[in-house]
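# Structural features, examined
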Amino acid sequence: MTDVSLTDTIERPALGIRGRVKMTEIPQFMGQAFGELMMEVKRNGWQIAGPPFAYYLSWTGDEIDVECGFPVAHRTAGSGKVGPFTIPSVRAAKAMHVGPYNELVRTYGLVEKWIRENGHEPADYMWENYLNDPQEVPPEELLTEIIWP
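Our subject in this report is the structure included herewith. (Residues numbered from 1 in each chain as written. Predicted model: local features only at pLDDT ≥ 70, side-chain atom pairs only at ≥ 80, totals over all residues. Heavy atoms only, no water.)

Spatially, β1-β6-β8-β7-β3-β4-β2-β5 is the arrangement adopted by the 8 strands of the open sheet, whose pairing is antiparallel. Either end of the sheet is taken by a strand with one partner, and the two such strands are β1 (4–8) and β5 (83–87). With strand direction ignored, the average angle separating the axes of adjacent strands in the sheet is 35°. The pairing of strand β6 (residues 91–98) with strand β8 (residues 143–148) spans 6 bridges and is classified as antiparallel. Residue pairing across strands places Lys94 opposite Ile147, the latter belonging to β8. Lying over the sheet, helix α1 (residues 26–44) contacts β2 (12–22), β3 (53–60), β4 (63–71) and β7 (126–130), oriented at roughly 30° with respect to β4. Of the strands in this sheet, β1, β3, β6, β7 and β8 are in contact with helix α2 (residues 104–117), which crosses β6 at around 150°. (Pairing = 2+ DSSP bridges. Helix = DSSP H or I, 4+ residues; strand = E, 2+ residues; numbered from the N terminus. Axes fitted to C-alpha atoms, helices over the stretch in contact; angles between N-to-C directions. Contact = heavy atoms within 4.5 Å.)

The next thing to look at is the side chain of His97. Relative to the elements of secondary structure, His97 occurs in strand β6. What makes His97 buried here is its relative accessible area of 0%. Polar contacts involving the side chain of His97 include one to the main-chain carbonyl oxygen of Gly99, which spans 3.5 Å. Within polar-contact distance, the side chain of His97 engages the side chain of Thr107 at 2.6 Å. (Buried < 20%, exposed > 50% of the residue type's maximum accessible area, 1.4 Å probe, protein only. Polar contact = N/O pair within 3.5 Å; in protein donor to acceptor, adjacent residues only side chain to side chain.)

Below, the discussion takes up the side chain of Glu67. Here Glu67 is to be found in strand β4. For the buried Glu67, which has no salt bridge, the nearest side chain bearing the opposite charge is Arg18, at an N-O separation of 4.5 Å. (Lys, Arg positive; Asp, Glu negative; His and termini not counted. Salt bridge = Lys/Arg side-chain N within 4 Å of Asp/Glu carboxyl O.)

Inspection of the entire model under this criterion finds 10 salt bridges. The residue Glu63 makes a salt bridge to Arg20 at a minimum N-O spacing of 3.5 Å. Of the two residues, Glu63 is situated in strand β4 and Arg20 in strand β2; the sequence distance between them amounts to 43 residues. Note on Glu63: relative accessible area 27%, which makes it partly exposed. For Arg20, a relative accessible area of 47% puts it in the partly exposed group. In this structure, Glu117 engages Lys113 in a salt bridge whose closest nitrogen and oxygen atoms are separated by 3.8 Å. One end of the pair is Glu117 and the other is Lys113, both in helix α2 and 4 residues apart, which spans about a single turn. The structure contains a network of salt bridges with shared partners spanning Glu112, Arg116 and Glu121.

This is the structure in structure tokens:
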């Protein structure tokens, strides 16, 4: 059973790369976006201040508007494809997904159910924080924090 709790997030500056992608193209987009982000972070000397995230702004049918990024220590204008982003301060449901990314939909279903059963209305956006690296741990040990306002 996935534990869901209420949390208050803190506004944080971030840098990201935004794209509109089909659901089936999310893994490729994220891999490319995080690779480009890391190159720009190193090139510009930006200080990462938290785990990588994917912020889902909206979706229509099978297309998603997503921002992949990193929280940073200081606001900056970005460079190239990398732009400024703000992780908002909101009241949200929070849950930890343990396991492969392709099983996240199950945890999202539990979070949405919890939100509604506790008298809240889920926002039309949410984000995921990736707490470990899929290149360093097996899929069944991946930790993804879900934040759904």
